[in-house]
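# Examination of the molecular architecture
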Amino acid sequence: MRIHIVTNIDNGKGLERDYRLLSSLLESWGHRVTGVHFQSPESAGGADLVIFLEVYEPRLAEGAPRRWLIPNAEWWRPEARSALDDFELVLCKTRDALSHFAPLTPRARQLGFFSEDRWDPAVPRARRFLHVPGGSDAKGTDSVLLAWERHRIPYPLTVVSSLGWPLRPRNVEFAGRVDERRLRFYQNASRFHLCPSRYEGWGHVIHEGLSAGAAVLVPDTEAMSEIDGCALRMPAAPHGVQGLVRTHAVAPEDIRDAVERCMAFTEADLRRIQEAARDAYLSERERCLASLWEVLGERPALRGGSSAGAGDSAAGAGGSAAGAGGSAAGADGSAAEARARTAAPPRIALVIPCHASTAPLVRRAVLALRAQTAAPSSFEVVVVCDGDDPGGAIRAALEPGSHAFRVEIVDSPRPRGQFPHCSHARNAGFRAARAPLIWFLDADVLLSPEAVEHALSEHDAALARGVPAVLTPVLTRVAVPPAAWIERSAAWAASGAAEGLAPLLAATPLDGGVPGVQGDRLRPGAPSSESLSDLRDGMPIVWRGLVDALGGFDEWFIGGGAEKGAFVDLLEGARRADLIDLRLLTSVRALRQPQKAAPEAFHVHIQRGRDERDRRAREIGHGARWWRTRLAAIRAALPSAITAAAPGASTGEPLPDCSPDAIEARARLVRGVRAVAAPTLRGLYGGVVVVGEAAELLAQDVAHVCGLAARATTVAGLATLPANRACGVILSGVLAGATEQERARVLDQARRIVKATGPLLVAEIEGGSGARGAATAAGDAAPAAADVRVRVERVGVSAS
């Protein structure tokens, strides 16, 4: 069938998204689809069906035997009632819209609609809030910002909007206009999505949030009540009338209360919310597909040979060519890009914020990394341009393509005027990094050649000791004026030779007598570290999951060192709670280059930052409520953060299958194992190791239900774990299809690491589609079984 879709096809907002989704779906069903702008000067003839999205231009439907209207009630003028008689069908996206159009025409019926599937399991989730008004001022953004400003909400919020909002509260990141890849990242990285819209004809942002498994917060109105899967509904008061509908507004106080309720959710609550959100999204999409098939009067033959069942077309979370979860170039392209980015990630990322005036210093900092003894593939460098880069000074200084290691340059517009905004830049660099370990450096720091190698070695040693550690290097300084240093190092900076750094530093005086310098603690040679009581001016190496749990760098601070100091205070608070250890890398030197002092006008902001940092440090010491909430998030994030940063974790494995069947199968497995594991493990002391099917989900479930530290690993990772250390092991589907020799080997390795009389749980999958060896079953693939049988084996391991 030849179909024309008439709308504002390039407005960059909801109509363009409606057109893109609908055209992609119809094309995947074998129809020839043409997009026609509603202001097109020429009549688009030759169509069998013309579909008008919201707008109606009669001349664009001349000669077409069939014409449909898919309206938005909030934009339909009551005086245009007579135009409804021109349509064969008026297809409403929601029941609320149907209630407004049914009295106007007998041709109205509910179609439903669908949004892109944004699910990306590769993105780590954090207790952050996201608000996406885009280019609209009707999404309740003013109430959201007032809530953060008026009630000093301490939790991080990201606002994705192309509009300029005059209110700029602390803890709020204004991302501006972002591309689809970055928006998908935000939607998956944020646990909570704030959507206090005055009205939604469909609400792509809401349904995309559901597809990402987020806890979505919407107004408690009749129009919103039909959206299933939302975590919370906020009280809303009538606001006005728009088109055929009544709009509502949510008060800042109600947003504050909803935010506090969100932060009280446990990890088990969030898992249930995620499952409910995904189920609601997939169910709504299937209902829309079934309705569209019915009104088309045919059952489409999907391209690519896939079945035409409502639950089969585009059922995968990554999207299929059917386009129900998004266009093939959008959903599939983004998923392919995400897989490519996770194919072989480095182990550690060096995040360096800078601005144009520090380009000479950051060039020297990056050139010094050429001398690193670690493999270039083991680390990446993310340089963040804090503000504008006039003339491309930073890019010209760094020459990103000339290094053996990966160098990525990220632009970070300053959200608060002309002064540097280091906290915003550090957060932008952290989000752009791919590695599970993040090393936050400054633009003026030169690392010694063994820095990366020793940092990774000491990190692995800390994990082996069972005490996760945040590391920082020994700090020294160049004892010459800024201009003299630039002149002295000019020849080396011009040549870029790795071997030129050592003789330069040997001939340069270093000052160990200024505050913050730790030159007397440097122990060159083999990798070494020692406990540290105060990070002070440190440059911490932190797991990605721990940064998320801490909320990143607080963007209330704009720079001057207070932003890093406040972050360090959070780390020291976690250390006092016995969650982590702080250690000084005594075999690694970080050398500060001299630079000009900050301008006088900036000193006021520096002092304000220091005062605020001191106030928060006192609240951490006194156990303020917000800090107790943050500690709970750290405790929840720590096991997965350690797993992600562990050397045995295979980060290059394929992403898990996220189709509805696979998600339900993994959930079934978790429930089945929990029924046996919880009574067996509850009351024990120590950690639990989980291997095999849905290992990450099982580890999180055990940690919450049993109150034990749980770690997911692979079959190969079992061999690297110390003996007689775990209180239990869960083998989930690992033995399905394994040979007798493989079974014996895996069981011996599992028994070896269990403490005396500790339980060994073996989850066996029945009814699988084929045999899988123990090595291939170690991933997080979905179980292909309908039933789960769990048996418990008590093992005795003699102490060694």
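These lines cover the structure that appears in this document, whether it is placed above or below. Here the structure is a predicted model, which is why all the values come from computation and not from measurement.

Cut-offs used in this document
Residues numbered from 1 in each chain as written. Predicted model: local features only at pLDDT ≥ 70, side-chain atom pairs only at ≥ 80, totals over all residues. Heavy atoms only, no water. Helix = DSSP H or I, 4+ residues; strand = E, 2+ residues; numbered from the N terminus. Buried < 20%, exposed > 50% of the residue type's maximum accessible area, 1.4 Å probe, protein only. Contact = heavy atoms within 4.5 Å. Areas by Shrake-Rupley, 256 points an atom, 1.4 Å probe, with all protein chains shown as cover. Phe/Tyr/Trp six-rings, centres within 6.5 Å; stacked < 30°, edge-to-face > 60°. Lys NZ or Arg CZ within 6 Å of the ring centre and 35° of its normal. Pairing = 2+ DSSP bridges. Axes fitted to C-alpha atoms, helices over the stretch in contact; angles between N-to-C directions. Core = buried A, V, L, I, M, F, W, Y, C linked by side-chain atoms within 4.5 Å. Right-handed = clockwise from strand over helix to strand, strands pointing away.

### Notes on the overall build of the chain
Looking only at helices and strands, the chain has 24 helices and 29 strands in total. Expressed as a percentage of the 800 residues in the chain, the buried residues total 56%. Relative to all contacts within the chain whose residues are 6 or more apart in sequence, the contacts with residues 24 or more apart total 73%. As displayed, the chain offers around 31100 Å² of accessible surface, 52% of which is attributable to carbon and sulfur atoms.

### Some words on the packing of aromatic side chains
Tallying each qualifying case throughout the model produces 15 aromatic pairs. A ring pair is formed by phenylalanine 379 and phenylalanine 405, whose centres lie 5.0 Å apart and whose planes are at 35°; its orientation type is tilted. One end of the pair, phenylalanine 379, is in strand S16 (residues 379–386); the other, phenylalanine 405, is in the loop between helix H11 (393–398) and strand S17 (406–412), with 26 residues separating them in the sequence. With respect to class, phenylalanine 379 is no different from phenylalanine 405; both count as buried. These aromatic residues form a ring-pair network of at least three members: Phe129, Trp148, Tyr155 and Phe192. The side chain of arginine 168 reaches across the aromatic face of phenylalanine 174, ending 4.0 Å from its centre. The lysine or arginine in question, arginine 182, covers the ring of phenylalanine 185, its NZ or CZ lying 5.2 Å from the ring centre.

### A word on the sheet that holds strand S11 (residues 215–219)
An order of S9-S8-S7-S10-S11-S12 is seen for the 6 strands of this open sheet, with the pairing classed as parallel. Only two strands of the sheet have a single neighbouring strand rather than two, namely strand S9 (172–174) and strand S12 (232–234). The sheet shows a mean angle of 25° between the axes of neighbouring strands, taken without regard to direction. Summarising the sheet, strand S10 (residues 190–194) and S11 pair through 3 bridges and their orientation is parallel. In the strand pairing of S11, histidine 193 is matched with valine 216. This element, helix H5 (residues 204–211), spans strand S7 (126–134), S10 and S11 of the sheet and lies at about 155° to S11. Together, S7, S10 and S11 form the strand contacts of helix H8 (residues 267–296), whose direction differs from that of S10 by roughly 65°.

### So, the nonpolar core
Burial of nonpolar side chains together is a common tendency in soluble globular proteins. If you look at the biggest cluster of nonpolar residues, it comprises 77 residues, and the most contacted ones within it are Trp439 and Leu571. If near-sequence neighbours (up to four positions away) are discounted, leucine 571 is found in contact with Val470, Leu535, Pro540, Val542, Leu546, Leu550, Ile580 and Leu582. Grouped together as the second largest cluster of nonpolar side chains are 27 residues, Tyr155, Phe174, Ile255 and Phe265 included.

### Observations regarding the environment of cysteine 262
The residue cysteine 262 is located in helix H7 (residues 252–263) in this model. With relative accessibility at 0%, the residue cysteine 262 sits in the buried group. With 47 residues separating them in the primary sequence, cysteine 262 and alanine 215 have C-alpha atoms 8.1 Å apart. Not counting residues up to four positions away in its chain, the partners in contact with cysteine 262 are Arg127, Phe129, Phe192, Leu217 and Leu232.

### Description of unusual backbone geometry
Of note, glutamate 54 is a non-glycine position whose phi angle comes to about 70°, a positive value. Its place among the elements puts glutamate 54 in the loop between strand S3 (49–53) and strand S4 (66–70). In the Ramachandran plot, asparagine 171 falls in the positive-phi region, its phi being about 65° despite a non-glycine side chain. Structurally, the position occupied by asparagine 171 is in the loop between strand S8 (157–161) and S9. Given a relative accessible area of 8%, asparagine 171 falls into the buried group.

### Things to note about the pairing of S8
Burial analysis of S8 places 5 of its 5 residues in the buried class, the great majority of the element. The alternating pattern of S8 places Leu157, Val159 and Ser161 on one face and Thr158 and Val160 on the opposite face, and all of these are buried. When S7 meets S8, the two strands line up parallel, connected through 4 bridges. Looking across to S8, one finds that phenylalanine 129 is bridged to leucine 157. Traced from S7 through helix H3 (residues 141–150) to S8, the parallel crossover comes out right-handed.

That's the geometry; what it means functionally is another story.
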